[in-house]
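# Chain and residue survey
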Amino acid sequence: MLSCLNNEDISKTPESSRNGLDISTNVISICFGSQTGTAENYAHEIANFLRKRGFLVDVVDLEFFSKASFAEGTSASPQIALFLLATYGEGEPTDNAKTFYEWVKSEEARFPGVRYSVLGLGNSQYEHYNTVAKDVDRLMEARGAERLSQLLLCDAAGGGGDEDFAKLVDMTFLFRLMISAGRWAKEVSRALDTLFHVKDRKGYDDQPMATRKNFYIQMFESEEAATRSNKKLPASSAKLDHVTKKLMKVREKRELQKSGDRRFLHVELDLEDKEDAYETGDHLAIYPENKSSLVERFAVRTSIDLDKWVIVRDDVAASPFPVPCTLRKIFTSYLDLNCCVKQDWLAFLAELALSDDDRRNLNWLSEDSFSYQKHIVKGYKNIVDVLADHKSVHLTLENILQILPRVQPRYYSISSSSSSSPKQVHLTLKVLEEEIDRPGQSMESRAERRFEGTCSSFLSCVHVGCSVQAQLRRSPFKLPKDLSTPIILVGAGTGIAPLRAMYLEAHHAMKISGVNVDIAFFYGCRKEDEDCLYREEMESMMDAGVINSLHFAFSRETSKKIYVQDRIRQQRTEVAQIMQKQGCIYVCGSISMASEVRRAFVDVLISMVNSDILSKLLTNKQEGSEEAARERLRNLQATGRYQQDIWS
Ligand SMILES: Cc1cc2nc3c(=O)[nH]c(=O)nc-3n(C[C@H](O)[C@H](O)[C@H](O)COP(=O)(O)OP(=O)(O)OC[C@H]3O[C@@H](n4cnc5c(N)ncnc54)[C@H](O)[C@@H]3O)c2cc1C
Ligand SMILES: Cc1cc2nc3c(=O)[nH]c(=O)nc-3n(C[C@H](O)[C@H](O)[C@H](O)COP(=O)(O)O)c2cc1C
């Protein structure tokens, strides 16, 4: 059972005991369905917020939900469950929410005596916007549960409830989400106050999400001392182990292209475990490490001895890290030192500042969203930078564990074919590096002037022969079984990754079984000699007869920007013929590119109706409308003939 921290001064009316609910014994479950950690991090933030308001809260990874826990509620003493759910793929749940989602959809699920609320995390540029959250919200009610507060949807693409604010400031998704999550948390909290009959709560709207979980830390000189001192070591939390991470050895790494500050890498990893197998089109999750220089800077600033061994227990006596573990391991592999500092951390740091100037500045940044955007988000400030700017903030090890989020895996589309390289996985990635503009600060060293993405810079630094933690992940992005089906591949930038896997797969099939493959490839990048990845390989595939037509779109070669969607429109006759022959289309790249490409295919479908190709077949003029073309594209998608592998 979680302890109740810093309860506000609240009073209950006698009714609260009469309806059977007691703020000090009834636990609120905050359940998250998360793939890359956003929903998970916010589940913890909202838990902290509700704890501060006196509620007992448990954060539940939906991987480990129990059906029984939903059966225990009654209308007099309901089970209370809050859901934070992300949507993935083609409107699918996250890996950890799959079983739960299937169960909620099944007729067997019944939720009488359950009070709930849902926060959805999605992106409206995807066809199936926030489907999982919408489904769970609807089905829970249909199956007998009662809503505590309305479904709230967060949109990574902007818009939605925060549109007015978004106009004022160029907000990042995380920042918009923070506002939406905060609003949802407050609405839920009000509903809980009503349910628990809490009266006289002061100041609903000015509570920072700041109260944090307790940690109990024992420190040792050696691993042996740590193990010897504890007869009963705490269990390491399941969250760490539920993913079957594997060590994969880097067998090759090379720079594909380098122009100016943009670098692209080709990385090959060995699948050493006999059990490991993937299919062409799958993804690989990489668990990155923080840079050792960043870990050292952090240790110096916080006076932490990285070589000490620790056993950490949380409120429920589980350890969020391996038991025992060095602090170096924790700050290298488990806690994220490079991510952007959030506003509520700044409020927490302000409480720990010894100087008035630091406290004032931190409070200002935590309260003034525009200044926060300008100085923290746009300045790419991580915790080490913020501590360097505010020297009087003194953090204990427990404070640090209370603030820092876990390092999240990054996903990569595998760029090798499982038929030609069954025990190797290739990745194609851009190293994320940005020049930093920090107003009013002089930054001398190049490292200080540059933001480096955690995972891409980790992969760019890792040496051949070293191992990285990774996990294979299934994706629905799959070639047709019959490889003689005509195929259109459309990609831009590193979006070439799974498309390369596909032409290599087709090449392999051609060599082994003599199948006649027919691929039209549309590839977009900036310039022919800058970032045209795998150009020679693509041309050799043309010579081998795997790729029948290759159309490059260079956006910065001439004064007129040319994109893949322009090439598709230019080649509409060829594209239409492939579509008419029941061809399959594969699109990979950014969300915005994918939506432009979709529009181009809609145009091709319209032109097919208006040309000879379809007009003979269609008697109804409506068939030539844009809506009808969109509907046909949706049908192609539903039947697997139009597939997308896209990321922001
Ligand atoms: C299904 C899928 C497939 C993918 N396939 C590929 C692929 O094949 N090739 C490829 O190159 N990529 C691919 N990606 C993207 C990849 O997963 C990573 O997102 C990408 O490599 C960047 O990760 P990173 O850790 O280097 O950057 P991160 O450290 O995660 O940074 C990403 C962004 O977060 C923000 N940010 C982070 N830290 C801060 C800070 N301190 N202050 C302010 N802002 C900050 C910045 O906007 C930054 O640009 C794929 C993604 C998905 C979901
Ligand atoms: C590969 C990929 C597929 C996605 N598919 C969808 C989708 O179909 N519908 C949607 O609303 N959002 C989709 N999203 C957006 C995510 O749901 C959103 O980024 C969310 O914040 C992720 O939360 P998480 O970090 O907790 O996993 C997708 C994101 C990625 C990277």
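Sequence order as written defines residue numbering, which begins from 1 separately in each chain. A letter from A marks each chain and a number from 1 marks each ligand, given out in the order of writing. Under the rules for a predicted model, residues below a pLDDT of 70 receive no local features and side-chain atom pairs below 80 are neither given nor counted, while totals for whole chains, interfaces and linings still include all residues. Side-chain numbers come from the whole structure's heavy atoms, not from hydrogens or water.

## A word on the pattern of salt bridges
Definition in use: Whenever Lys or Arg places a side-chain nitrogen within 4 Å of a carboxyl oxygen from Asp or Glu, that contact is recorded as a salt bridge. In DSSP terms, a helix is any run of H or I states spanning at least four residues, a strand is any run of E spanning at least two, and both are numbered starting from the N terminus. When accessible area is computed with a 1.4 Å probe and restricted to protein chains, residues below 20% of their type maximum are described as buried, those above 50% as exposed, and intermediate ones as partly exposed.
Tallied over the entire structure, the rule returns 41 salt bridges. With a closest N to O distance of 3.1 Å, Arg328 and Asp307 form a salt bridge. With a gap of 21 residues between them, Arg328 in helix α11 (residues 327–334) and Asp307 in the loop between α10 (292–302) and β14 (309–314) connect regions that are remote in the sequence. You can call Arg328 partly exposed: its relative accessible area is 31%. Asp603 serves as the salt-bridge partner of Arg569, at 2.7 Å between the closest nitrogen and oxygen. With Arg569 in helix α21 (residues 564–570) and Asp603 in helix α23 (residues 591–610), this pair connects stretches of sequence that are 34 residues apart. Among the residues examined, Arg569 registers a relative accessible area of 24% and is labelled partly exposed. Judged by relative accessible area, Asp603 falls into the partly exposed class, the value being 31%. Linked by salt bridges that have partners in common, Glu255, Arg263, Lys291, Glu433, Arg450 and Glu452 make up one network.

## What to know about the site of ligand 1
Operational definition: The nearness test applies per residue and asks whether one of its heavy atoms lies within 4 Å of the molecule or strand. Nitrogen and oxygen atoms within 3.5 Å of one another constitute a polar contact, given that in protein one can donate a hydrogen and the other can accept it, and given that sequence-neighbouring residues count only through two side-chain atoms. Areas reported as accessible are Shrake-Rupley estimates using a 1.4 Å probe. Residue values count occlusion only from the protein chains shown. Residues are sorted three ways: Asp, Glu, Lys and Arg are charged, Ala, Val, Leu, Ile, Met, Phe, Trp, Tyr, Cys and Pro are nonpolar, and all the rest, Gly among them, are polar.
Around ligand 1, the surrounding shell holds 23 residues, and the nearest of these are Arg410, Tyr411, Tyr412, Cys455 and Ser456. At 3.3 Å, a backbone N or O of Cys340 approaches a nitrogen atom of ligand 1. Thr428 is positioned with one of its backbone polar atoms (N or O) 2.8 Å from a nitrogen atom of ligand 1. Calculation on ligand 1 without its partners gives an accessible area of 970 Å², and the protein chains cover 77% of this total. With four residues, strand β16 (residues 410–413) is the largest single contributor of residues to the shell around ligand 1. Split into classes, the residues belonging to the shell around ligand 1 amount to twelve nonpolar, eight polar and three charged.

## A look at helix α18 (residues 454–461)
Of all eight residues in α18, seven are buried; the element is thus mostly enclosed. Residues of α18 that are buried include every one of Thr454, Cys455, Ser456, Ser457, Phe458, Leu459 and Ser460, and no others.

## Some details on the confidence of the model for the protein chain
Rule in force here: One confidence number per residue, pLDDT, is output by the predictor and ranges from 0 to 100. The contact criterion used is simple: two residues touch if any of their non-hydrogen atoms lie within 4.5 Å.
Averaged over every residue, the pLDDT of the protein chain is 86; the share at 70 or more is 85%. Helix α6 (residues 163–168) is the least confidently modelled element of the protein chain, averaging 37 in pLDDT, while strand β21 (residues 487–492) averages 98, the highest of any element. pLDDT under 50 marks residues 204–210. Its contacts with residues more than four places away, or in other chains, come to 23 contacts. Confidence over residues 238–242 falls short of pLDDT 50; this stretch has 15 contacts with residues more than four positions distant or in other chains.

## Regarding the environment of Lys67
Here Lys67 shows up in helix α3 (residues 67–71). Considering only alpha carbons, one finds Lys67 and Trp103, 36 residues apart in sequence, at a separation of 8.7 Å. In contact with Lys67, not counting residues within four places along its chain, are Trp103 and Glu108. Polar side-chain contacts of Lys67 include one of 3.5 Å to the side chain of Glu108.

## Some words on the side chain of His283
Topologically, His283 is positioned in strand β13 (residues 283–287). Judged by its relative accessible area of 13%, His283 falls in the buried class.

## Side note on the sheet that holds strand β22 (residues 519–525)
Selection criterion: Pairing between strands is defined by DSSP: at least two bridges between the two strands are required. Structural elements are reduced to axes, namely lines fitted to C-alpha atoms, with helices fitted over the stretch in contact, and the angle between N-to-C directions of any two is expressed from 0 to 180 degrees.
What the five strands build is an open sheet, ordered β23-β22-β21-β24-β25; its pairing is parallel. In the strand order of this sheet, the two ends are held by β23 (547–554) and β25 (642–647), each with one partner. Neighbour-to-neighbour, the strand axes of the sheet open up by a mean angle of 10°, direction not taken into account. Note: strand β24 (residues 584–590) against β25, six bridges, orientation parallel.

## A few points about the packing of aromatic side chains
Heads up, the rule is: In this analysis, rings of Phe, Tyr and Trp, with Trp reduced to its six-membered ring, are considered paired at centre separations within 6.5 Å, and the interplanar angle assigns stacked below 30 degrees, edge-to-face beyond 60, and tilted for intermediate values. A ring is scored as having a charge over it whenever the NZ atom of a lysine or the CZ atom of an arginine sits within 6 Å of its centre and within 35 degrees of its normal.
Taken as a whole and judged by the stated rule, the model has 18 aromatic pairs. Measuring from centroid to centroid gives 6.1 Å for Phe70 and Phe100, while their planes differ by 35°, and the two rings are tilted. Taken as a pair, Phe70 in helix α3 and Phe100 in helix α4 (residues 98–105) lie far apart in primary sequence, 30 residues in all. The exposure classification of Phe70 matches that of Phe100, with both residues buried. Pairwise contacts between aromatic rings join Phe65, Phe70, Phe83, Phe100, Trp103 and Phe111 into one cluster. Over the ring of Tyr411 we find Arg473, and its NZ or CZ is 4.9 Å from the ring centre.

## Regarding the site of ligand 2
Taken together, 20 residues are adjacent to ligand 2, and Ser34, Thr36, Thr38, Thr87 and Asn130 come closest. In this structure, an oxygen atom belonging to ligand 2 sits 2.7 Å away from a side-chain N or O atom of Ser34. Between Gly91 and ligand 2, the recorded distance is 3.3 Å, taken from a backbone N or O atom to an oxygen atom. Isolated, ligand 2 exposes 650 Å² of accessible area, and the fraction of that covered by the protein chains is 90%. Listing elements by their share of the shell around ligand 2, those giving two or more residues are α2 (38–52), β4 (79–88) and β6 (114–122). Residue contributions to the shell around ligand 2 peak at three residues, all from β4. Residue classes in the shell around ligand 2 are distributed as eight nonpolar, twelve polar and no charged.

## A few points about helix α5 (residues 131–142)
The cut-off we apply is this: One less than the number of residues in a helix, times 1.5 Å, gives the span that helix is expected to have.
Here α5 spans 16 Å end to end across twelve residues, near enough to the 16 Å set by a 1.5 Å rise per residue. Of the residues making up α5, those classed as buried are Thr131, Val132, Ala133, Asp135, Val136, Asp137, Leu139 and Met140. As for α5, its buried residues are in contact with β4, β5 (92–93), α4, β6, β7 (146–147) and β8 (152–155). Remark: Gly144 follows α5 within two positions and exhibits a positive phi of approximately 105°.

## Looking at unusual backbone geometry
Backbone phi values are negative for most residues with the exception of glycine, while trans is the configuration of most peptide bonds. Omega for the peptide link from Val323 to Pro324 comes to -15°, which places this bond in the cis form. In this fold, Pro324 is placed in the loop between β14 and β15 (325–326). Here Ser303, not a glycine, exhibits a phi torsion of approximately 55°, which is positive. Along the chain, Ser303 falls in the loop between α10 and β14.

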